[in-house]
Amino acid sequence: MTAAPTTTAPDRDPDEEPDGGTGAGPGDGTADGRGGEPDARRDDATGTATDTGPHDGPEAGQDDGTGVGPGTRPHYGPADGPDTHRDDGTGPHDGPKDGPPGRRRKGRAAPKPEPYEDPFDHDTLPTPPGATATLLRSLLAPLRARVVVTTVLLLLQQAAVQVGPLLVAYAIDRAVPAFRQDDHGPLIAVGVAYLLCSAASGGLQYAFIIASARVNQDVLLDLRGRIFRHAQALSIDFHERYTSGRLISRSTTDVESLRELLSEGLQELVTVILSFVYISAMLLWLDVGLGTVAVVSFVPLYLLIRRYRRRAGRIFAVRSTTIAAVIVKFAETMNGIRPVRAFRREAANEAEFGVLNRRHERTNGDALLEMARYVVGSRLVANTAVAGIVLWGAHRVASGSLALGVLAAAVLYLRRLYDPIDRLGMFLNSYQSAAASLEKIAGLLAQTPSVPEPSVPRQLPALASEHPGREVVFDEVRFAYRTGGEVLPSFSLTLPAGQTVAVVGSTGAGKSTLAKLLARFYDPTEGRVLLDGVDLRELPVPELRRGVVMVTQEAFLFSGTVAENIAIGRPEASREEIEQAAKAIGAHDFINALPDGYDTDVRKRGGRISAGQRQLVAFARALLADPAVLILDEATSSLDIPGERAVQRAMSTVLRGRTAVVIAHRLSTVAIADRVLVMEHGRIVEDGPPAELVAGTGRFADLHRAWRDSLV
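The rules behind these values
Residues numbered from 1 in each chain as written. Predicted model: local features only at pLDDT ≥ 70, side-chain atom pairs only at ≥ 80, totals over all residues. Heavy atoms only, no water. Pairing = 2+ DSSP bridges. Helix = DSSP H or I, 4+ residues; strand = E, 2+ residues; numbered from the N terminus. Phe/Tyr/Trp six-rings, centres within 6.5 Å; stacked < 30°, edge-to-face > 60°. Buried < 20%, exposed > 50% of the residue type's maximum accessible area, 1.4 Å probe, protein only.

1. Considering the sheet that holds strand S3 (residues 472-480)
Reasoning step 1: Reading across the sheet, the four strands line up as S4-S3-S6-S7 and stay open at both edges, with antiparallel pairing between neighbours. With one partner strand each, in any of the chains shown, strand S4 (486-495) and strand S7 (534-535) form the two edges of the open sheet.
Reasoning step 2: Judged from the five bridges that link them, S3 and strand S6 (residues 526-531) form a sheet pairing that is antiparallel. Each bridged residue has a counterpart across the sheet, and for phenylalanine 474 the counterpart in S6 is valine 529.

2. Comments concerning the packing of aromatic side chains
Reasoning step 1: Here the structure, examined in full by the defined rule, presents eight aromatic pairs.
Reasoning step 2: Note on tyrosine 308 and tyrosine 374: the rings are 5.5 Å apart at their centroids and 40° apart in plane angle, and the pair reads as tilted. On the criterion of sequence distance, the pair formed by tyrosine 308 in helix H8 (residues 298-335) and tyrosine 374 in helix H10 (residues 346-399) is long-range, its members being 66 residues apart. Residue tyrosine 308 shares its accessibility class with tyrosine 374, and that shared class is buried.
Reasoning step 3: Relative to tyrosine 481, the ring of phenylalanine 479 has its centre 4.8 Å away and its plane inclined at 85°; by these criteria the two rings are edge-to-face.

3. Examining the pairing of S4
Reasoning step 1: Most of S4 sits inside the fold, with seven of its 10 residues counted as buried.
Reasoning step 2: Both S3 and S4 contribute to a ladder of six bridges, which runs antiparallel. Bridged to alanine 480 within S4 is glutamate 486.

4. Focus: unusual backbone geometry
In terms of backbone geometry, most residues other than glycine have negative phi values and most peptide bonds are trans.
Reasoning step 1: Positive phi is not limited to glycine here, since aspartate 182 has a value of about 65°.
Reasoning step 2: One can find aspartate 182 in the loop between helix H3 (164-180) and helix H4 (185-233).
Reasoning step 3: Backbone geometry at arginine 520 places phi at a positive 55°, although glycine is not the residue there.
Reasoning step 4: Mapped onto the fold, arginine 520 is located in the loop between helix H13 (511-518) and S6.

Below, the structure is given as structure tokens:
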């Protein structure tokens with residue numbers, strides 16, 4: 001009948017709502033009571049959880065200065081059991097408790113526990129050393145041949161450009177004097193050579209732009225695809241801590257920063273480097289003195305560049321985070337536009353958005369200020385160097401120690417040497433922005449799923465009967481969320497194949513956690529979850545998803561037709577099979593009544609149909625998948641009374657022969673179950689057939705009596 005293992009009181013499941021408690025910890029209510037539930041929202045002043053509807057995960061919480069870190073949630077209600085969070089002096093505690101207190105010195109307050117600090121809250125993902133360089137190499141490796149061709153084109157183009165000043169020097173010193181002596185050949189040759197060099201430079205520049213653009217777009221195409229694929233492959237635990245807005249920022253803003261670098265910056269960098277090497281060599285060849293002065297003038301420029309890189313690097317790292325925060329706030333507000341309008345949150349949201357927007361504005365201003373300092377400093381150095389060299393060169397020309405043509409060529413080369421310095425500043429700007437963005441992307445791609453694929457996968461054994469159900473066993477399972485607090489302490493349970501089990505209990509009892517472990521959205525901290533004797537961690541994910549299907553409280557529909565959304569359960573299903581699943585669940589009539597029937601586009605998140613209709617489509621999707629184990633996590637809570645009755649009539653067909661776990665607050669749903677489990681604080685306190693528990697005097701009987709009285 002009952003099972004009540006003794007252990008510490010659990011923290012709450014991340015998807016369960018508060019039960020109307022005060023938000024205080026166990027006992028007299030003075031504790032901060034951090035729980036294990038990562039996605040609760042807190043009240044602005046008190047630190048208590050305020051439930052506004054479905055949550056997206058830990059990023060939904062806000063650190064309001066109460067001392068409770070992001071992603072934590074107060075513990076509600078008194079904790080029972082002998083081991084419940086006692087302040088026995090052995091370690092951190094949640095505040096004063098009802099149990100025997102540990103000895104304290106009079107007048108000394110108990111130490112406050114440190115708030116949980118999650119690096120995800122600061123958009124700082126743990127990244128292995130060298131991840132950025134490794135990512136860049138992996139992006140360019142498949143394009144190595146085209147990168148070489150592009151580089152050769154740029155080298156040839158720069159060679160054609162840099163011939164010009166030499167031709168000018170030759171014209172001044174040789175061709176013009178020859179022309180005065182009626183020898184037109186040298187001047188014509190210089191003109192033709194200059195024209196050919198200009199034409200070659202233009203043609204090579206065109207070829208370089210085409211080749212580099214193709215390389216750039218292939219790199220960006222690969223990178224966006226990697227981000228999307230990797231984000232889908234990461235575990236639920238990651239997505240509950242890392243918001244979708246940040247993922248959007250990684251795949252848009254950060255990729256765009258890399259595009260700017262690849263499209264414009266790299267060409268500028270190569271141009272500056274080649275110009276420096278080539279022009280320095282030519283100046284030294286033309287005149288050692290002029291060349292030496294020109295090369296030495298680059299020392300202060302190098303110091304300016306080094307300072308700019310160091311300061312701008314820090315600024316752009318912050319900017320990448322601030323723009324992500326702006327996108328997160330915007331996406332969160334638009335996704336929750338209904339409660340925003342219902343609770344008149346427009347002004348408050350606008351103020352919060354304004355703070356984030358101004359922070360991003362200040363960061364951009366800091367970046368522009370650093371750029372301005374660099375440009376002014378570099379121009380001052382360049383102009384001073386050119387003026388000094390011209391004055392010294394003119395003096396030498398006047399004294400006869402330097403040819404006029406050499407001075408003219410040197411001045412032209414110096415202008416070509418210093419002119420790209422401003423463009424180098426633009427490159428450094430793009431480089432620092434792209435480096436910060438690439439580091440963020442590399443950090444994302446370096447994350448590994450907390451629920452990995454098995455190294456040596458096993459297959460499920462053949463079914464023992466014609467029914468699809470399989471046996472489920474929780475073998476000494478313990479589970480705690482990252483934010484701390486044990487939710488399921490030493491939990492054991494066996495569900496025979498084909499049995500329908502209803503799980504009821506108060507908020508925070510661990511019902512949804514039980515379902516998520518069975519669906520392997522999480523792995524247990526200790527112990528095993530077995531499906532027909534096979535550990536879920538040893539099953540390939542595709543086979544597990546075919547065998548275990550969950551229907552949640554909030555049915556999510558993708559943009560597309562009704563038929564396409566039902567077929568997600570089995571993409572290869574025929575139209576006839578899709579319609580049969582809808583008929584079995586009772587959704588066929590309302591689908592046919594839609595403007596285009598099964599071909600009706602439900603639009604974003606299924607907004608074209610009601611919440612109850614979306615849930616029916618989700619049931620049809622699950623039925624079409626034909627799983628061995630079906631989990632219904634409060635799946636009828638959004639249905640009205642007629643809709644719930646229609647689903648209950650269909651459930652006998654849907655669940656027949658399958659192993660089913662039905663988590664329900666509506667006790668009317670429990671009537672279809674073969675067995676009822678009553679959970680409190682991660683423990684089973686009652687276990688038995690519904691009729692037997694109703695006839696008893698336990699917790700389920702009280703719940704059933706209260707529910708029945710509410711119907712009168």
